[in-house]
Amino acid sequence: MLFLTYYPNSLESKDGFAHRVFQIDELFKNISRKYLYVSFKKYLIPQKTKIGTLEEYRLNIIYFPFIIYLILKSKLIYIHSIYNARLIFPILFISKAKVFLEIHGALPEEVLFTKNNLVLFKMYSLLEKLVVKRANFLVSVSAVLANHVTQKWKIEKKYFLIPMLTIGDITNKIKFSCRDIDFIYAGGIHKWQCLNKVIQVLENHSHRTSKVFLSDLKHNYKFPDYVDVSSIPPSEVSRYLLNSKFGFVIRENHILNKVSCPTKLIEYMLYGVVPVVDFEDLGDFVSLGYKSVNYIDLINGVIFDDKKICEIVQANIEVIRKIDLLQRSGLDKLRLEISHLLNISK
């Protein structure tokens, strides 16, 4: 069994992607498996790591013959994100392996949105089309995303729905009252995170207590002087979330957000924080019954009393439970499918 990605080391193990790699790997920890990560610039000196029944190779593309060997030798290939197939996808078409492709988002559209590069958009669109068509199975973080990809390329694929639930269940620790922080934002400074709209709300609530935790303090945004802006390790954010009422996860009406499974939204709901949104139709969340408030209402001074906040929080905790069940079911179905195929391959 071959995974096309890196196996995260201690420095790489903090983000959601690393959690997903560990999560899938845990299903097959007792069998022999390899990880292959191919780079265009790095690993001119190849790196090999062995951990129990796991072997990891980090290779530069110059080691193409050995890369071909690893891929063609494999009976089953699991691709963590289309991006990890970008340098080696032609080999997949001469491989007889069963291929599982995990999709986390609309990659071509993300490239166009973030880089505004039409050439790159067309290149990644072609890559997506070819790899999706080659895959025997899809693994998706949302049903909306799986439907988007299959309808876009007019294909039918069996897919496994495994949402990105990256935090353990702490819902029994949630207190709905006596929260001292009115507004919290914990995240990055990318344009798609709409910090300008976050600032609009904060400017209209100068008497409220607000906390803003940014991944990077080098930015051009102008937060009001009364807002506490800082950067802290991700591991420390949870204690502030447990003491916060409203959390910003503002996104625009864009295909990237329609098919997404925002880990920040899940994190807010898990800790009993009311999501503040603009475009609310994020991924599968509406169909699962999540509740939110619109940032425009907060700008206009709409009052949400403790009873209303409690109703929203309780509804979202039920959504978290549904997502947890979906994830457990998806992981179990994936394990059974791959185990069955590996038995056939022996």
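Residues numbered from 1 in each chain as written. Predicted model: local features only at pLDDT ≥ 70, side-chain atom pairs only at ≥ 80, totals over all residues. Heavy atoms only, no water.

### Considerations on the side chain of S230
Line of reasoning, step 1. Mapped onto the fold, S230 is located in strand β11 (residues 228-230).
Line of reasoning, step 2. If near-sequence neighbours (up to four positions away) are discounted, S230 is found in contact with V212, F213, L214 and L217. (Helix = DSSP H or I, 4+ residues; strand = E, 2+ residues; numbered from the N terminus. Contact = heavy atoms within 4.5 Å.)

### Brief notes about the pairing of strand β2 (residues 33-39)
Line of reasoning, step 1. A large share of β2 lies buried, amounting to six of its seven residues.
Line of reasoning, step 2. Across three bridges, strand β1 (residues 2-4) lies against β2 in parallel orientation. Pairing of L2 across the sheet is with K34, part of β2.
Line of reasoning, step 3. With helix α1 (residues 16-26) bridging β1 and the parallel β2, this β-α-β connection has right-handed handedness.
Line of reasoning, step 4. For β2 and strand β4 (residues 54-60), the ladder comprises seven bridges, and the chain directions are parallel. Among the inter-strand pairings, Y35 is bridged to a residue of β4, identified as E56. (Buried < 20%, exposed > 50% of the residue type's maximum accessible area, 1.4 Å probe, protein only. Pairing = 2+ DSSP bridges. Right-handed = clockwise from strand over helix to strand, strands pointing away.)

### Here we look at the sheet that holds β2
Line of reasoning, step 1. Read from one edge of the open sheet, eight strands run β3-β4-β2-β1-β5-β6-β7-β8, paired in mixed fashion. Of all the strands in the sheet, the pair left with one neighbour each is β3 (47-51) and β8 (158-161). Sheet twist, expressed as the mean angle between neighbouring strand axes with direction ignored, is 20°.
Line of reasoning, step 2. One ladder, built from five bridges, connects β3 with β4; its direction is antiparallel. The residue of β4 that forms the bridge with K48 is Y57.
Line of reasoning, step 3. Along the sheet, helix α6 (residues 143-152) makes contact with β6 (98-103), β7 (137-140) and β8, crossing β8 at roughly 160°. (Axes fitted to C-alpha atoms, helices over the stretch in contact; angles between N-to-C directions.)

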